[in-house]
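Read off the chains here:
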Amino acid sequence: MEHPRIEVRNLKKSFREKVILDGINLKVCAGKSLVIIGASGSGKSVLTRCIVGLLKPDNGDILLDGQLLNPDLMNNRAFIASSIGYLFQNAALFDSLTVLENVSFGPLFMQKRNIKEANQIAKEIMLKLDINPKFWFLHPKELSGSSRKIVAVARALAVKPKVIIFDEPSTGLDVRASQKLDSLIRDCVEKENITSITITHDMNSARRIADDIAMLHEGKFIWSGKSNQMNKSNNINVERFIQPFLDTNFNTIRGSQ
Ligand SMILES: Nc1ncnc2c1ncn2[C@@H]1O[C@H](COP(=O)(O)OP(=O)(O)OP(=O)(O)O)[C@@H](O)[C@H]1O
Ligand SMILES: [Mg+2]
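In this convention, every chain numbers its residues from 1, walking through the sequence in written order. Chains carry letters from A onward and ligands carry numbers from 1 onward, assigned in written order. Given that this is a predicted model, residues contribute local features only at a pLDDT of at least 70 and side-chain atom pairs are listed and counted only at 80 or more, while totals for whole chains, interfaces and linings are drawn from all residues. For the side-chain quantities, the full set of heavy atoms in the structure was used; hydrogens and water were omitted.

Asks: Outline helix α4 (residues 99-110), supporting the account with residue identities and numerical values.
Replies: Only runs of H or I of at least four residues qualify as helices and only runs of E of at least two qualify as strands under DSSP, and these elements are numbered from the N terminus. What a helix should span is 1.5 Å times the count of its residues minus one. Over its twelve residues, α4 extends 17 Å from the first C-alpha to the last, a length consistent with the 16 Å expected when each residue adds 1.5 Å. A 1.4 Å probe rolled over the protein chains alone gives each residue an accessible area, and that area as a share of the maximum for its type sets the label: buried under 20%, exposed over 50%, partly exposed in between. Every buried residue of α4 is accounted for by V99, L100, N102, V103, S104, G106 and P107. In what follows, residue pairs with any heavy atoms lying within 4.5 Å of each other are defined as contacts. Residues of α4 that are buried in the fold lie against α5 (115-128) and α6 (145-157). Among the residues trailing α4, K112 stands out with phi positive, at a value near 55°.

Asks: Tell me about the packing of aromatic side chains, and please be specific about residues and values.
Replies: How two aromatic rings sit relative to each other is given by the distance of their centres and the angle of their planes. We call Phe, Tyr and Trp rings a pair once their centres come within 6.5 Å, taking the six-membered ring for Trp, and we label the pair stacked below 30 degrees between planes, edge-to-face above 60, and tilted otherwise. In total, this model carries three aromatic pairs according to the counting rule given. Ring geometry for Y86 against F88: centres 4.8 Å apart, planes inclined by 75°, an arrangement best described as edge-to-face. On the basis of relative accessible area, F88 is assigned to the partly exposed category, the value being 26%. Centroid distance F105 to F109: 4.8 Å. Interplanar angle 45°. Geometry classified as tilted. Within this pair, F105 and its partner F109 are both found in helix α4, separated by four residues, close to a single helical turn. Judged by relative accessible area, F109 falls into the partly exposed class, the value being 46%. These aromatic residues form a ring-pair network of at least three members: F94, F105 and F109. Note on geometry: a ring has a charge over it if NZ (lysine) or CZ (arginine) is within 6 Å of the ring centre and within 35 degrees of the ring normal. Above the face of the F94 ring, R155 is positioned so that its terminal group lies 4.9 Å from the ring centre.

Asks: An account of the nonpolar core is requested, with residue identities and associated values reported.
Replies: When a protein is soluble and globular, its nonpolar side chains tend to lie buried together. In this structure, I37, L129, M203 and I213 are the most contacted members of the largest nonpolar core, which totals 43 residues. With seven residues, α6 is the single largest residue contributor to this core. Dropping the residues within four chain positions of it, I213 is found in contact with L34, V35, I37, M203, A206, W223, S224, G225, S227 and M230. In this description, a nonpolar core means a group of buried Ala, Val, Leu, Ile, Met, Phe, Trp, Tyr and Cys residues linked to one another through side-chain atoms lying within 4.5 Å. Of all hydrophobic cores here, the second largest spans 29 residues; its members include L26, L64, L69 and Y86.

Asks: Residue-level account of the site of ligand 1, with values.
Replies: Definition of nearness: a residue and a molecule or strand are near each other if at least one heavy atom of the residue lies within 4 Å of the molecule or strand. In the vicinity of ligand 1 lie 14 residues, with K18, S40, G41, K44 and V46 positioned nearest. Here a polar contact means two N or O atoms within 3.5 Å. Within protein one must be a hydrogen donor candidate and the other an acceptor candidate, and residues neighboring in sequence count only if both atoms are side-chain atoms. Interatomic distance of 2.8 Å between a backbone N/O atom of G41 and an oxygen atom of ligand 1. One of the side-chain N or O atoms of S45 is found 2.9 Å from an oxygen atom in ligand 1. Note on areas: Shrake-Rupley, 1.4 Å probe, and residue coverage restricted to the protein chains presented here. For ligand 1, whose unbound accessible area comes to 640 Å², protein coverage reaches 63%. When residues of the shell around ligand 1 are traced back to their parent elements, those giving at least two are β2 (18-29) and α1 (44-51). Ranked by residue count, the leading element in the shell around ligand 1 is α1, at three residues.

Asks: Tell me about the environment of P169, and name the residues and values.
Replies: With respect to the helices and strands, the residue P169 is situated in the loop between β7 (163-167) and α7 (175-192). On the accessibility criterion, P169 (2% relative accessible area) is buried. Spatially, the C-alpha atoms of P169 and T198 are 7.8 Å apart, while their sequence positions differ by 29 residues. The contacts of P169, once residues within four sequence positions are left out, are L87, K149, L181, I185, T198 and I199.

Asks: Which residues make up the sheet that holds strand β10 (residues 220-226), and what are the values?
Replies: Spatial ordering of the open sheet is given by β6-β7-β8-β3-β9-β10, a layout of six strands whose pairing is mixed. In this open sheet, the two strands that pair with only one neighbour each are β6 (84-87) and β10. Averaged over all adjacent pairs, the angle separating strand axes in this sheet is 15°, with direction ignored. Relative to strand β8 (residues 195-199), strand β3 (residues 33-37) runs parallel, the two sharing four bridges. Paired with S33 across the two strands is S196, which belongs to β8. When DSSP finds two or more bridges between two strands, those strands count as paired. In this analysis, axes come from line fits to C-alpha atoms, helices being fitted only over the stretch in contact, and the angle between any two N-to-C directions falls in the range 0 to 180 degrees.

See the structure below:
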């Protein structure tokens, strides 16, 4: 296998007595997209929060381009935020800042660019993502849910991270907006060579976004592989998870041909 861009080794996390993650291993190469699926409460967000240093694992290592992210690096917010972009489950923009200020925030405060450069970077990213300049000086509250998500993607991309993590990007979006966001994620991976990890409940989205899929269940990955192999998993929990999607357009979308 090619040298992984991001690697997680034997990651464990419990809250009090409750084991949430029980030895997670994953590797994702540059320009590849991993989708993590699993039931609500299975620990998907906890895993990604550990990867970006918002939660401290009890055990295990995280490596970026082969470099161990030791506690010093993990506590270096500017370093982590510039290396690993994170799209929170609720899109979490700064309400009091304009769209432009939100997107230029990373370059300005994490990467210490000057305001002119930061704005330039933000504008380039927003144009790339088709965020109309008429939105740039609005506040997040004035945008639709899907526009807010796309601004959040722009904000995550503005620091040009090596890895970007999307936690449930399409929650709350209609089908069309969700498909648009899925293709945006694919573009980040294919055109910008970014490594992505996406969490989703939606198998249709998962198939559009993924090179590989991994399913989290009771603290472990119980299955991983190519999305078009999923219906041959021979695993009851995987089958239960994908069953609701089998009746719809599961076999007609990307990855299953
Ligand atoms: N800070 C915390 N303190 C205590 N327990 C927590 C904390 N964060 C998460 N948990 C617990 O860890 C478990 C996994 O939560 P997590 O948010 O990772 O689930 P999830 O798979 O992302 O679910 P969803 O699909 O609903 O977003 C849950 O039981 C949750 O209550
Ligand atoms: Mg979650």
